[in-house]
Amino acid sequence: MKILVCISHVPDTTSKINFTDGDTKLDTNGVQFVINPNDEFGLTRAMWFKEKQGATVDVVNVGGPETEPTLRKALAIGADTAIRVNTPATDGFAVAKQLAHVVKDGGYDLIIAGRESIDYNGSMVPGMLAELIGANFVTNCISLEVDGTNAKAMREIDGGKETVSTTLPLVIGGQKGLVEESDLRIPNMRGIMQARQKPLNVLEPVDATKETSTVKFEKPEPRGAVKMISPDNLDELVSLLHNEAKVI
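Residues numbered from 1 in each chain as written. Predicted model: local features only at pLDDT ≥ 70, side-chain atom pairs only at ≥ 80, totals over all residues. Heavy atoms only, no water.

1. Regarding the nonpolar core
Step number 1: In terms of nonpolar packing, the biggest core is built from 32 residues, with Ile3, Val5, Leu43, Val57, Val59, Leu144 and Leu170 touching the most fellow members.
Step number 2: Sorting elements by how many residues they give to this core places helix α2 (residues 68–77) first, with 5 residues.
Step number 3: Once you skip the residues sitting within four places of it in the chain, Leu170 turns out to touch Asp109, Leu110, Ile111, Ala135, Asn136, Phe137, Val138, Leu144 and Ala151.
Step number 4: Of all hydrophobic cores here, the second largest spans 18 residues; its members include Cys6, Val62, Val103 and Leu129. (Core = buried A, V, L, I, M, F, W, Y, C linked by side-chain atoms within 4.5 Å. Buried < 20%, exposed > 50% of the residue type's maximum accessible area, 1.4 Å probe, protein only. Helix = DSSP H or I, 4+ residues; strand = E, 2+ residues; numbered from the N terminus. Contact = heavy atoms within 4.5 Å.)

2. Section: the environment of Pro37
Step number 1: Here Pro37 lies in helix α1 (residues 37–53).
Step number 2: Placed 40 residues apart in sequence, Pro37 and Ile77 show a C-alpha to C-alpha distance of 14 Å.
Step number 3: Excluding its chain neighbours within four sequence positions, the residues that come into contact with Pro37 are Val10 and Ile118.

3. A few points about the pairing of strand β11 (residues 160–167)
Step number 1: In the sheet, strand β10 (residues 150–157) pairs with β11 via 8 bridges, with the strands oriented antiparallel. Looking at the pairing, Ile157 lines up with Gly160 of β11.
Step number 2: In sequence, β10 turns back onto β11 through a hairpin of 2 residues, with Gly159 there showing a positive phi of about 85°. (Pairing = 2+ DSSP bridges.)

Read these as layout, nothing more, since geometry by itself doesn't imply function.
Dropping the structure here:
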């Protein structure tokens, strides 16, 4: 089984976010970048298939040279080969087109992506990728088993969980639950050294029309001051909730 894991290069959630160029671009100064958490759950599951079923695992990222340390980390975790498509990831459809080209050329059976990246939170790419390559698709995936060309997946739905049976080729949008946080792997020194020798192939992008463009980013409004209300003063609490917070 050939597995391709899609890796997004995203800011760490603890980073302080600012924008430049009239609030149209992320200011990367001082920002630490990491593997998108939903993608890391998927990569860890792919490692299980590699160790238990002998699968080969490649990772792919659409982005510039600045994303290569993130790909090297994925190699250190255990992926066999990394692929970087040399174009900025600024539009979901264009990214899906680049990934579709990689999948078709590589003949992959299972494509594991995160259900969304934590920077744009678009939740678009996995579904569009599945449509472009004519594969089955399961999103919000929290469990995955593969037996030959058959797969059984569990996904979160409103108010519960749903188990579905499908076949390869398959694209999944993974999330927490695909593996547990305790199963995530920290690269050890041996893995880091081996990652330096593993191939990282750079591909030039195929033609793809960008359907969206960024007009402006806005940061959330700062939180207001906290007001402490005595438990004995319910009238004041009701007045504040009604007149200031306007929630009742």
